[in-house]
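Residues per chain, in single letters:
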Amino acid sequence: MSVTLHTDVGNIKIEVFCSEVPKAAKNFLALCCSNYYVNCEFHRNVKGFIVQTGDHTNTGKSGKSIYDGKFEDEFHENLKHDRRGIVSYANSGSNSNLSQFFITYSSQPALDLKYTIFARVIDGFETLDVLEKLPVNSKNFRPLTQVKINDITIHANPFA
C-alpha cells in the first residue's frame with residue numbers, strides 16, 4: 001500500500017505499513033482520503049534530523065485523528081528509525097498520536113519506541129534533499145519559504 005504526497009518541491013511516495021501498525025495506518029490513510037493533509041505546510045524542518053507536517057492550521061500546534069482524539073502508540077519490532085525516509089507520527093508524549101507526522105533525514109535510533117513508525121519513503125528522495133536544504137528560521141526551524149502538500153494520490157487503499 002502506498003501514497004504519493006505531491007508537494008511544492010516534488011513528489012514523495014511512501015509505503016504504508018498496514019499489517020504492522022494497522023491503527024496508525026488506518027488513521028493516516030483515512031486522513032489522506034478526506035484531503036485533510038492537502039494544503040498542510042512543512043512547518044518544522046531540522047537539517048540532518050526531520051521534516052514535519054500534518055497540521056491543517058499550519059501552526060504545529062494542532063491535529064486530529066479518526067479516533068475522536070489522541071490514539072495509542074503502535075510499535076513493531078521490525079520498524080526502526082534506522083535510515084533516511086522513515087515516516088512516524090509526531091506526538092506530545094506517550095499515546096498522543098493525531099495527524100502530524102515527520103520524515104527522518106537520517107538514522108535516528110533515539111526515536112525508537114517513542115514515535116509510531118507507520119511508513120517509509122520508497123521514491124522521492126530527491127524531494128527530501130530539496131526540503132532538507134531549505135533555509136529555516138533558526139529559532140523554530142520553520143522554513144522561510146512556504147512548502148506544502150498540494151495533493152495526495154492513494155495507491156490501492158486496503159481500508160477503503
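Only a predicted model underlies this, so the values are computations on that prediction, with no experimental measurement involved.

K.L.:
Now, about the nonpolar core: what can you tell me, with residues and values included?
P.N.:
With 37 residues, the main nonpolar core has Val3, Phe28, Tyr37, Phe118 and Leu131 as its most contacted residues. Element by element, the count of residues in this core is highest for helix H1 (residues 22-33), at 6 residues. Setting aside residues up to four positions removed in sequence, Leu131 forms contacts with Val9, Ile12, Phe42, Asn45, Val51, Tyr105 and Val147.

K.L.:
Outline the environment of Asp82, listing residues and values.
P.N.:
With respect to the helices, strands and loops of the structure, Asp82 is situated in the loop between strand S4 (50-53) and strand S5 (86-89). Overall, the relative accessible area of 39% leaves Asp82 in the partly exposed class. Along the sequence, Asp82 and Ala110 sit 28 residues apart, while their C-alpha atoms lie 9.8 Å from each other.

K.L.:
Any details on the sheet that holds strand S8 (residues 149-155)? Residues and values, ideally.
P.N.:
Taken in spatial order, the 8 strands make up an open sheet running S3-S4-S6-S5-S7-S2-S1-S8, and their pairing is antiparallel. Where the open sheet ends on each side, the last strands, each with one partner, are strand S3 (44-46) and S8. In this sheet, neighbouring strand axes are inclined to one another by 25° on average, regardless of whether the strands run parallel or antiparallel.

K.L.:
Let's hear about the state of the cysteines: which residues, and what values?
P.N.:
Counted by the stated rule, this structure contains 0 disulfides. Not part of a disulfide, Cys18 finds its nearest cysteine sulfur in Cys32, a span of 11 Å. Residue classification places Cys18 among the buried positions, given a relative accessible area of 14%. In this model Cys33 remains outside any disulfide bridge; the closest cysteine sulfur is found in Cys32, 7.0 Å from its own.

K.L.:
How would you sum up helix H2 (residues 125-133)? Please name residues and give values.
P.N.:
For an α-helix the count is 3.6 residues per turn, leaving residues at separations of three or four pointing the same way. Taken together, the buried positions of H2 are occupied by Thr127, Leu128, Leu131 and Glu132. Across the axial projection of H2, the buried residues extend over an arc of 140°, all falling on one side. Buried residues along H2 sit against strand S1 (2-7), strand S2 (10-16), S3, S4, strand S6 (101-104) and strand S7 (117-123).

K.L.:
Explain the environment of Phe118 residue by residue, including any values.
P.N.:
In this fold, Phe118 is placed in strand S7. Setting aside residues up to four positions removed in sequence, Phe118 forms contacts with Glu15, Val16, Phe17, Val21, Ala24, Phe28, Val87, Ser88, Tyr89 and Phe101.

K.L.:
If you had to explain the UniProt feature "domain: PPIase cyclophilin-type" (unreviewed entry) in the chain to someone new, which residues and values would you point to?
P.N.:
UniProt annotation of "domain: PPIase cyclophilin-type" (unreviewed entry) refers to residues 6-154 when read in the numbering used here. Spanning residues 6-154, this segment combines 14% helix with 25% strand, and its end C-alpha atoms are found 11 Å apart.

K.L.:
Give a description of the packing of aromatic side chains that names residues and reports values.
P.N.:
Each aromatic ring pair is specified by the distance between its two centres and by the angle formed by the two planes. A complete count under the given rule lists 10 aromatic pairs for this structure. Between Phe71 and Tyr89, the ring centres sit 5.4 Å apart and the planes meet at 90°, which makes this aromatic pair edge-to-face. Of the two residues, Phe71 is situated in the loop between S4 and S5 and Tyr89 in strand S5; the sequence distance between them amounts to 18 residues. Judged by its relative accessible area of 1%, Phe71 falls in the buried class. Since its relative accessible area comes to 0%, Tyr89 is described here as buried.

Criteria and thresholds
- Residues numbered from 1 in each chain as written.
- Predicted model: local features only at pLDDT ≥ 70, side-chain atom pairs only at ≥ 80, totals over all residues.
- Heavy atoms only, no water.
- Core = buried A, V, L, I, M, F, W, Y, C linked by side-chain atoms within 4.5 Å.
- Buried < 20%, exposed > 50% of the residue type's maximum accessible area, 1.4 Å probe, protein only.
- Helix = DSSP H or I, 4+ residues; strand = E, 2+ residues; numbered from the N terminus.
- Contact = heavy atoms within 4.5 Å.
- Pairing = 2+ DSSP bridges.
- Axes fitted to C-alpha atoms, helices over the stretch in contact; angles between N-to-C directions.
- Disulfide = S-S within 2.5 Å.
- Arc of directions from axis to C-beta.
- UniProt positions renumbered as here; feature names shortened; annotations may be inferred.
- Phe/Tyr/Trp six-rings, centres within 6.5 Å; stacked < 30°, edge-to-face > 60°.

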